[in-house]
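Spelled out, the chains give:
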Amino acid sequence: KAGVTQTPRYLIKTRGQQVTLSCSPISGHRSVSWYQQTPGQGLQFLFEYFSETQRNKGNFPGRFSGRQFSNSRSEMNVSTLELGDSALYLCASSAIASPGELFFGEGSRLTVL
Amino acid sequence: QQQVKQSPQSLIVQKGGISIINCAYENTAFDYFPWYQQFPGKGPALLIAIRPDVSEKKEGRFTISFNKSAKQFSLHIMDSQPGDSATYFCAASYAGANSKLTFGKGITLSVRP
């Protein structure tokens, strides 16, 4: 069974630009969560999607948004990028029967210059 | 406000020894407590998890001990191996939102040969 796939793995943007990150969950998993990982703040929850609906949201500004498609694939978007948005963005999927058992992808490393 | 606190910040253990990582939480509404392991360049991977109705859970060389009254839980790694060298995160989540994990800052474990 293929794991969680995230694309792109690395990207560099400049301040003010926007970025879209993609996540393909494990086959059969309908819940997709997004996390931001930085050296200073650690792992922080962004949002969770289930059946194309946002089910939970973390404490991030509205510049961070996401969506989920009917095939459970998910995207997250960050608009008007700031230097502090430089981070590893991790996607995780989970099965209905085990909502706390998250399977993480390897992440998308975003650098904002 | 850091709701989940880990200690120590780093740990060095000899091969064959016991690694002990502690975690304290503040919110008594948390009902799911997982430990994740992360290697450089990889996403976190679930090691073991526990719920408050159990005081201890063991899976292979990994054991979680849970103390509900003290609001603490710990990870014990028996017979530590150099391959266990990684960053370890404790986390917690609420009932009905188990995918919305609040993570500790993580600790780096080094197992010396």
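Residues numbered from 1 in each chain as written. Chains lettered and ligands numbered in written order. Predicted model: local features only at pLDDT ≥ 70, side-chain atom pairs only at ≥ 80, totals over all residues. Heavy atoms only, no water.

S.K.: Is there a simple way to think about the overall build of chain A in this case?
M.R.: Assigned secondary structure in chain A consists of 0 helices and 11 strands. Helices (α) and strands (β) of chain A occur, in sequence order from the N terminus, as β-β-β-β-β-β-β-β-β-β-β. Radius of gyration (C-alpha) of chain A: 13 Å, near the 13 Å computed for a compact globule of 113 residues. Seen through its C-alpha atoms, chain A measures out along the principal axes to roughly 40 × 25 × 25 Å. Taking the contacts inside chain A whose residues are at least 6 apart along the sequence as the reference set, 52% of them involve residues at least 24 apart. Here chain A displays about 5300 Å² of accessible surface, and carbon together with sulfur accounts for 49% of that area. (Helix = DSSP H or I, 4+ residues; strand = E, 2+ residues; numbered from the N terminus. Rg over C-alpha atoms; globule rule 2.2 N^0.38 Å. Contact = heavy atoms within 4.5 Å. Areas by Shrake-Rupley, 256 points an atom, 1.4 Å probe, with all protein chains shown as cover.)

S.K.: How should the environment of serine 33 of chain A be read in this particular structure?
M.R.: Residue and element names in this part refer to chain A. Looking at the secondary structure, you find serine 33 in strand 4 (residues 31-38). For serine 33, a relative accessible area of 0% translates into the label buried. For the pair serine 33 and serine 94, spaced 61 residues apart in the sequence, the C-alpha separation amounts to 8.4 Å. (Buried < 20%, exposed > 50% of the residue type's maximum accessible area, 1.4 Å probe, protein only.)

S.K.: What should I look at first to understand the layout of surface pockets in this one?
M.R.: A water-sized probe, rolled over the atoms, reveals where empty space remains. Considering only enclosed or pocket space, the second largest pocket measures out at about 380 Å³ in volume. Contributing elements (two or more residues each) for the lining of the second largest pocket: strand 4 of chain A together with strand 9 (86-94) of chain B. Here the lining of the second largest pocket takes 3 residues from strand 9 of chain B, the largest share from any one element. Grouping the constituent residues of the lining of the second largest pocket by class yields 7 nonpolar, 7 polar and 5 charged. (1 Å grid on protein atoms, 1.4 Å probe; cavity = no way out; pocket = protein on both sides within 12 Å on 5 of 7 lines; lining within 4 Å. Points joined across faces, edges and corners; volume = space filled by probe spheres on them. Nonpolar A, V, L, I, M, F, W, Y, C, P; charged D, E, K, R; others polar.)

S.K.: Is there a simple way to explain the interface of chain B and chain A in this structure?
M.R.: Note: interface size is frequently given as the accessible area lost on complex formation between the parts. Listed by partner, the interface residues are 16 residues for chain B and 23 residues for chain A. Interface of chain B and chain A: buried area, both sides summed, is about 1500 Å²; carbon and sulfur atoms make up 52% of it. Together, Ser99, Lys100 and Phe103 of chain B form the three largest contributors to the area buried by chain B at its contact with chain A, with a combined 34%. Counting every contact that joins chain B to chain A gives 1 salt bridge. Viewed at the interface, chain A and chain B are joined by 10 residue pairs in polar contact (both at pLDDT 80 or more). Split by residue class, the side of chain B that touches chain A holds 8 nonpolar, 5 polar and 3 charged. (Buried area = accessible area lost by both parts, 1.4 Å probe. Salt bridge = Lys/Arg side-chain N within 4 Å of Asp/Glu carboxyl O. Polar contact = N/O pair within 3.5 Å; in protein donor to acceptor, adjacent residues only side chain to side chain.)

Keep in mind these values describe shape, not function.
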